[in-house]
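Residue-level structure breakdown
The lines below spell out each chain.
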Amino acid sequence: MEAESEPYVRLATLRQLHQVVADLNTARSLADTLQAVADGIVTGLGYELGCVNLVRPDGDLVIAGFAGNPAAEALITGRVGSRSSWERRLSMGEAWGALRFIPHTEGWVLLDDDVPQWHTEGPEPRFADEWHPQDRLYAPMHASGGGQELLGVISVDRPRNGRHPGAWGQEALQMYASQAAIAISNARLRANMQRALVRLEREQQALRASEESFRQAFEYAPSGMAIAEMGGDQHGRLLRTNDALCRLLGRPASAMRRYSFADLVHPEDIGTLLRTSAEGGRAELRLVRRDGTYVWVSLRNSVVADTADGPRFLLTHVEDVEERKRHELQLAHRASHDSLTGLPNSAELRSRLSARLCRRPHSVRATAVETLDAAFEPAAPGTVIPEHGFDFDPHVDAGAHDHHVHMIAPPADSGAADDGTKGLAVLFCDLDGFKSINDRFGHNTGDAVLVEVARRLTTCVRDGDTVARLGGDEFVVLADGLGSADAADLAVRLRNAIIPPIRVDGRAVRVGASFGIGWASCGMSVDEVLSSADQRMYIEKRSRAKVHRRAG
């Protein structure tokens, strides 16, 4: 019966542990956090006494939180134990994972050291795991981040069940000590931030004392400046804007006061704006001009606070970064596009193709009727059917349950009937006779031919299809949603578009084109897809008569 109730006991303990850990994170100050840690030991972990010993800057440990006995709390809270005495204690006794247990049979040597302690006399234990009043159990708290910096030590006494904690109780205490260390570190961080805010407040008081100089700096700043409300019904409303911001957005100051930045930001950037407004800091986003166009700006926020009322308003510096953003986009375009033709280059082609593929093969296809039949087919004898109605196999690749649209290829046999399967066609194009043009007329003519071929290919495909230059005189077309016959028709149209003469410097030149049609299918790599189309192109090139490939 005890074995059956253990999971329920663990669940109840875990719920209590979750609640007390949540309480740690709601404390408003470091002192409140330390007391919450002590209280959680008593209310959530099943001990009658809990004590928090915090490491001071000099290395010694002070009792900063106590719970369970008001008399003991009044007697020892604030008392200090030396670091050397604590290190001695943490090196004694039995190691229970990260915990340290010192039984009363060994702990008598600690009665005269300088660590503050509270204990009562008691009889010898009647059984092996009975708790003795002079037993000691410590849970060290270490700073997170991979180091072993000691933040403090939790000490506990008098388990309510009168026994030494079992494996689950030990684990719960270790988990609690870990969460308590995080809460204490966060509380210290908040305290440091509060001190920083106090310094900022003093700076703002000095700023308000020289309001006139601030007004001039604000009004005549070369970049945009704005002051917005914080808190209340009008949170975020612009109270004041300088002339540079009004010129940037093409709006008069009187009209700007009707807006907040949330009204002016691009819909895709609203999340960035809210995070910046809440935290203070820097962000780059788009603001709308009066004519409806958007301009890229860099926002830098400062929270101006008052000692009594807290945050008063938000001071925002707005810098026009449109030119830099345009330059960044141009650089990104150059990195992903061919400099001669303007088409996506090999790297961009591979990126787009890779985005459509996954490693899970999808070679077995079923019709809609077959899928429904399989769904309602009676289970085989011995098959376990989950009561909840959903059967998720933990050993199946997680990709099986994602929203990825798997790529499948139409039948490879050209003589087979079209079964209606649509796929992502990969048309590999190699120009016939291009080398002779380069050799006869020079590279400038050859470059002009490549530019014209790129233009003709682009005009023959749909919006959403990709025409890329793989390199040299090789091009690749990605066209989704095509069947076998559709892909063959597209190859014919593309070839016919390339064949007409191309005039360069008053001279007409001709090139031919050989196309190989491959299919992107999940389970294939990008190299395998391109290699398949390339091989089919060479088969097609060899099968055509030489007269159809002549150029010049």
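Residues numbered from 1 in each chain as written. Predicted model: local features only at pLDDT ≥ 70, side-chain atom pairs only at ≥ 80, totals over all residues. Heavy atoms only, no water.

The subject of this paragraph is the overall build of the protein chain. On a plain count of helices and strands, the protein chain comes out with 18 helices and 18 strands. When the 552 residues of the protein chain are sorted by exposure, 41% land in the buried category. Within the protein chain, counting contacts between residues at least 6 apart in sequence, those at least 24 apart form 59% of the total. Counting only carbon and sulfur atoms, one obtains 53% of the accessible surface of the protein chain, whose full area is about 30,800 Å². (Helix = DSSP H or I, 4+ residues; strand = E, 2+ residues; numbered from the N terminus. Buried < 20%, exposed > 50% of the residue type's maximum accessible area, 1.4 Å probe, protein only. Contact = heavy atoms within 4.5 Å. Areas by Shrake-Rupley, 256 points an atom, 1.4 Å probe, with all protein chains shown as cover.)

Now for the environment of Gly 483. Tracing the backbone shows Gly 483 in the loop between strand E15 (474-482) and helix H17 (484-498). With 63 residues separating them along the chain, Gly 483 and Gly 420 place their C-alpha atoms 6.5 Å apart. Setting aside residues up to four positions removed in sequence, Gly 483 forms contacts with Pro 410, Thr 421, Lys 422 and Trp 519.

With that out of the way, let us pick up the packing of helix H13 (residues 346-355) against helix H18 (residues 526-543). Between H13 and H18, whose axes approach to 9 Å, the crossing angle comes to 110°. With respect to their mutual orientation, H13 and H18 come out roughly perpendicular. Residues Leu 349, Arg 350, Leu 353 and Ser 354 of H13 form the contact with H18, whose own contacting residues are Val 526, Asp 527, Val 529 and Leu 530. (Axes fitted to C-alpha atoms, helices over the stretch in contact; angles between N-to-C directions. Parallel < 35°, antiparallel > 145°, perpendicular 65-115°, else oblique.)

Burial analysis of strand E7 (residues 150-159) places 9 of its 10 residues in the buried class, the great majority of the element. Bridge analysis of strand E1 (residues 47-55) against E7 gives 7 bridges, and the strand direction is antiparallel. Within E7, the position partnered with Gly 50 by the bridge is Val 156. Two strands pair when backbone bridges link them, and strand E6 (residues 136-142) and E7 are joined in this way by 6 bridges, in the antiparallel orientation. The partner of Met 141 across the bridge, within E7, is Gly 152. (Pairing = 2+ DSSP bridges.)

What follows concerns helix H15 (residues 434-441). When we look at burial in H15, the residues that qualify are Phe 434, Ile 437 and Asn 438. Taken down its axis, H15 places every buried residue within 100° of arc, on the same side. In H15, the exposed positions that point more than 90 degrees away from the buried face belong to Lys 435, Asp 439 and Arg 440. Looking one or two places after H15, you find Gly 442, whose phi comes out positive at around 100°. (Arc of directions from axis to C-beta.)

This structure, assessed with the given rule, holds 3 aromatic pairs. Look at Trp 86 and Tyr 138: their rings are 5.2 Å apart centre to centre, the planes differ by 75°, and that puts the pair in the edge-to-face class. Taken together, the residues span a long stretch of sequence, with Trp 86 in helix H4 (residues 83-90) and Tyr 138 in strand E6 at a distance of 52 residues. Here Trp 86 and Tyr 138 have matching classes, each one buried. With centroids separated by 6.0 Å and ring planes inclined at 55°, the aromatic side chains of Phe 101 and Trp 131 adopt a geometry described as tilted. Remark: Trp 131 occurs in the loop between helix H5 (104-107) and E6 and Phe 101 occurs in strand E5 (residues 99-102); sequence separation between them is 30 residues. Among the residues examined, Phe 101 registers a relative accessible area of 2% and is labelled buried. Chaining the aromatic ring pairs together yields one cluster made of Trp 96, Phe 101 and Trp 131. The cationic tip of Arg 89 hangs over the ring face of Trp 86; the distance from NZ or CZ to the ring centre is 6.0 Å. Sitting over the face of the ring of Trp 296, Lys 325 holds its NZ or CZ atom 4.4 Å from the ring centroid. (Phe/Tyr/Trp six-rings, centres within 6.5 Å; stacked < 30°, edge-to-face > 60°. Lys NZ or Arg CZ within 6 Å of the ring centre and 35° of its normal.)

Right, let's talk about the sheet that holds E15 for a bit. Pairing is antiparallel across the open sheet formed by 4 strands, whose spatial order is E14-E15-E13-E18. Only two strands of the sheet have a single neighbouring strand rather than two, namely strand E14 (466-471) and strand E18 (512-520). Going across the sheet, the axis of each strand differs from the next one's by a mean of 25°, ignoring polarity. Pairing between strand E13 (residues 423-432) and E18: 9 bridges, direction antiparallel. Looking at E18, one finds that Cys 429 is bridged to Phe 515. Sheet strands touched by helix H16 (residues 443-459): E13, E14, E15 and E18. Its angle to E15, the strand with the most contacts, is close to 5°.

Core analysis: the largest hydrophobic core is formed by 35 residues, its most contacted members being Leu 137, Met 141, Ile 154, Leu 173 and Tyr 176. Of all the secondary-structure elements, those providing two or more residues to this core are helix H1 (2-24), helix H2 (30-44), E1, strand E2 (61-67), E5, E6, E7 and helix H6 (167-209). Here the element with the most residues in this core is H6; it accounts for 8 residues. Setting aside residues no more than four positions away along its own chain, Tyr 176 makes contact with Leu 17, Val 20, Val 21, Leu 24, Ala 36, Val 37, Gly 40, Ile 41, Leu 45 and Ile 154. (Core = buried A, V, L, I, M, F, W, Y, C linked by side-chain atoms within 4.5 Å.)

Another aspect to go through is H4. Those residues of H4 that fall on the buried side of the exposure criterion are Ser 85, Trp 86, Arg 89 and Leu 90. Down the axis of H4, the buried set is contained in an arc of 135°. They therefore lie on one face. Those residues of H4 that are buried are in contact with E1, E2, strand E3 (80-81), E5, E6 and E7.

Moving on: the sheet that holds E5. Taking strand neighbours across the sheet as the criterion, the 7 strands line up as E3-E2-E1-E7-E6-E5-E4 in an open arrangement whose pairing is antiparallel. Pairing within the sheet leaves two strands with one partner each, and these edge strands are E3 and strand E4 (94-96). As paired elements, E2 and E3 share 2 bridges and run antiparallel to each other. Each residue of the ladder has a partner; that of Leu 61, found in E3, is Gly 81. Packing of H2 onto the sheet brings it into contact with E1, E2 and E7, and relative to E1 it is tilted by some 150°. Taken strand by strand, H4 contacts E1, E2, E3, E5, E6 and E7, and its axis lies near 115° from that of E6.

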